[in-house]
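The chain contents come next:
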Amino acid sequence: MWTRLLYDAAIVSYAVSLTLFFSDVLQPRRAFNRSAVLLLFVAFLSTTGLLFIRFRILHAFPAYTRSDTMLFIAWIMLVTTLVLDTFFRIGLVLFFANVVGFFIFLFAGYRQGSDMLRWFPNQDLLLLHIVLATLSEAALAFSFAFAVMHLLQESNLRYKRWNRWFLLLPSLSKIDSLCLLTTAIGFFLLFAAMAIGDVWGKLVLHQWLVWSAKPIATIIVWVMYGVFLGLRVRRSGTTRGMMIYQVACFVATLVNLGAIGHLLPLHQPVSP
């Protein structure tokens, strides 16, 4: 009952908050902005409650299934944006990042109950792999939000739309720098997660996992982001085509996260 209640509270507060943020852009009102931030905090509390309930049920950190991982990603995005907005007033970054987080949260709810939890030895090493991978995916979710912001601002400049979106969005150079930073963080964290996951597979399952479906898909996504970083560093700037490619990279990340088989094999379950 509490799980359903907290999930519904998070969905409603998330959705109403983003609606108020959008309304604040169209028709600025201080009350809209304050209410939106307050409701995001309610969503954060509800998501924290969901993670705590999962922890009590599993007696382990809630990150061993895809639904829990996506819930954790949404929680990280909420925490990061709320903390940054408290100290730096990040404005539309708060809105765009949490639009992405909202849809990840929705997908986490859709997956809830369909993922089976299996226990393996060396849980600490496995947990480190999962946490690094989750932090990587959260960073890449932010880079996707910045890519969308860049495309929107570039469109405003191209068609000379001097509207509130143009005034509130950061400059193209600022968005470009943030996109590069978050992509680089996600790229290197993902590399560390893959390396640790492969070591865990050799220690526990006595086989290198690099040749199974999930790691191969992850390597493909990692290489895609590597191509973006290589092009960005070589050109010392980002083009519209590169930002569209960045969006495609995140779509591939979501497919890898939600649709392709989990890293853990479906056999050899080991009791804790």
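As the structure is a prediction and not an experimental result, all values here were calculated from the model. (Residues numbered from 1 in each chain as written. Predicted model: local features only at pLDDT ≥ 70, side-chain atom pairs only at ≥ 80, totals over all residues. Heavy atoms only, no water.)

Draft legend 1. Seen up close, the overall build of the protein. When its secondary structure is counted, the protein shows nine helices and zero strands. The burial tally for the protein puts 49% of its 272 residues in the buried class. For the protein, long-range pairs separated by at least 24 residues make up 77% of all intrachain contacts whose partners lie at least 6 apart in sequence. When the accessible surface of the protein is totalled, it reaches about 13600 Å², and 71% of it is carbon and sulfur. (Helix = DSSP H or I, 4+ residues; strand = E, 2+ residues; numbered from the N terminus. Buried < 20%, exposed > 50% of the residue type's maximum accessible area, 1.4 Å probe, protein only. Contact = heavy atoms within 4.5 Å. Areas by Shrake-Rupley, 256 points an atom, 1.4 Å probe, with all protein chains shown as cover.)

Draft legend 2. Looking closely at the confidence of the model for the protein. For the protein, the mean per-residue pLDDT works out to 85, and 87% of the residues sit at or above 70. Note on residues 263–272: pLDDT is under 50 here. Beyond four places in sequence and across chains, it has 23 contacts. (pLDDT = per-residue confidence, 0-100.)

Draft legend 3. How the structure looks around helix α9 (residues 240–258). Over its 19 residues, α9 runs 27 Å from end to end, which matches the ideal 27 Å to within 8%, given 1.5 Å per residue. Every buried residue belonging to α9 is among M242, M243, Q246, C249, F250, T253, N256, L257 and G258, and all of these are buried. (Expected span 1.5 Å × (residues − 1).)

Draft legend 4. Structural view of unusual backbone geometry. In the Ramachandran plot, K160 falls in the positive-phi region, its phi being about 55° despite a non-glycine side chain. Mapped onto the elements of the fold, K160 is located in the loop between α5 (123–158) and α6 (164–168).

Draft legend 5. Here's a closer look at the packing of aromatic side chains. Counted by the stated rule, this structure contains 17 aromatic pairs. Ring centres of F41 and F44 lie 5.7 Å apart, and the angle between their planes is 35°; this geometry places the pair in the tilted category. Separated by three residues within a single helix, F41 and F44 lie in helix α2 (residues 30–58), roughly one turn from each other. Exposure remark for F44: the relative accessible area of 17% places this residue in the buried category. Ring pairing ties together the aromatic residues Y7, Y14, F102, F103 and F105, which thus form one cluster. (Phe/Tyr/Trp six-rings, centres within 6.5 Å; stacked < 30°, edge-to-face > 60°.)

Draft legend 6. Looking closely at the nonpolar core. Core analysis: the biggest nonpolar cluster contains 62 residues, and Y14, M77, F96, V100, I104, F105 and F250 have the highest contact counts within it. Of all the secondary-structure elements, those providing two or more residues to this core are α1 (2–26), α2, α3 (66–88), α4 (92–111), α5, α7 (172–205), α8 (213–235) and α9. Here the element with the most residues in this core is α4; it accounts for 11 residues. Sequence-distant contacts of V100, defined by excluding residues within four places in its chain, comprise M77, A141, F144, A145 and F250. Grouped together as the second largest cluster of nonpolar side chains are seven residues, L58, Y64, L126 and W200 included. (Core = buried A, V, L, I, M, F, W, Y, C linked by side-chain atoms within 4.5 Å.)

Draft legend 7. Fine view of the pattern of salt bridges. This model, assessed by the stated rule, comprises five salt bridges. In this structure, R54 engages D68 in a salt bridge whose closest nitrogen and oxygen atoms are separated by 2.9 Å. Residue R54 is located in helix α2, and its partner D68 is located in helix α3; the two are separated by 14 residues in the primary sequence. On the basis of relative accessibility, which here comes to 18%, the residue R54 falls in the buried class. The exposure class of D68 is buried, given its relative accessible area of 0%. The closest approach of N and O atoms between R158 and E154, which form a salt bridge, is 3.0 Å. Of this pair, R158 and E154 both sit in helix α5, four residues apart, which is roughly one turn of the helix. (Salt bridge = Lys/Arg side-chain N within 4 Å of Asp/Glu carboxyl O.)

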